[in-house]
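The lines below spell out each chain.
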Amino acid sequence: MKEFNRLCNEFEQLDAASYALILAEKSAKIVPALAAITEDGLDGVALFASFIVGAVVADGDLSVEEFAITFPLFQAFFGEDVSYEDCNYVVRKMRRESRVMAKYVDEMVDAFGQLSEELKDDIVLVCLMICAIDGKVTQKEKQWIKKLLK
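Residues numbered from 1 in each chain as written. Predicted model: local features only at pLDDT ≥ 70, side-chain atom pairs only at ≥ 80, totals over all residues. Heavy atoms only, no water.

**Points about the pattern of salt bridges**
Next up, step 1: Applying the stated criterion across every chain, the model contains six salt bridges.
Next up, step 2: Each member of the salt-bridge network shares a partner with another, and the members are Lys26, Lys29, Glu118 and Asp122. (Salt bridge = Lys/Arg side-chain N within 4 Å of Asp/Glu carboxyl O.)

Have a look at this one:
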């Protein structure tokens, strides 16, 4: 637990350039690995996007920093511009409909259980970084990450 909190604190202090570098490096490993375990390589991108979205909405809030770091992924995934306002509306709606969020988290945890330990570690790291991008890993975000670790 102390190690997890220490890691959260480190990522909360990380500068934007370091975030971008680590996320690019990890994403370059994660996407091909996920594509390799799916029947269609595009499903690997979709699966990775779902983990990213899970990290973004884990606390029910979408910060401008979270949106900025994930925008290129959303743009590549959806093939069009997605505005902060549109994404924030969806996050707020999911927060109001907690059953939707609980189902989504359960599906993510199920998918996570099918991955190798190395891939799990990389995805947890990326998710933790996304949660910390706004300078604070909230208790709800920590709980979501811990579900992935089970």
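**Things to note about helix α1 (residues 2-13)**
One full turn of an α-helix is made of 3.6 residues, so residues set three or four places apart face in the same direction.
Next up, step 1: Compared with the 16 Å implied by 1.5 Å per residue over twelve residues, the 17 Å span of α1 between its first and last C-alpha is a close match.
Next up, step 2: Within α1, burial applies to Phe4, Cys8, Phe11 and Glu12. End-on, the buried residues of α1 take up no more than an arc of 105°, which puts them together on one face. Residues of α1 that are exposed and point over 90 degrees away from its buried face: Lys2 and Gln13. (Helix = DSSP H or I, 4+ residues; strand = E, 2+ residues; numbered from the N terminus. Expected span 1.5 Å × (residues − 1). Buried < 20%, exposed > 50% of the residue type's maximum accessible area, 1.4 Å probe, protein only. Arc of directions from axis to C-beta.)

**Thoughts on the packing of helix α7 (residues 117-132) against helix α8 (residues 139-149)**
Next up, step 1: Put simply, α7 and α8 touch, their axes get as near as 10 Å, and they point 175° apart. Taken together, the axes of α7 and α8 are roughly antiparallel relative to one another. Contact residues: Val124, Cys127, Leu128 and Cys131 in α7; Glu141, Trp144, Ile145, Leu148 and Leu149 in α8.
Next up, step 2: Counted by class, the contact of α7 with α8 contains eight nonpolar, no polar and one charged residues. (Axes fitted to C-alpha atoms, helices over the stretch in contact; angles between N-to-C directions. Parallel < 35°, antiparallel > 145°, perpendicular 65-115°, else oblique. Contact = heavy atoms within 4.5 Å. Nonpolar A, V, L, I, M, F, W, Y, C, P; charged D, E, K, R; others polar.)

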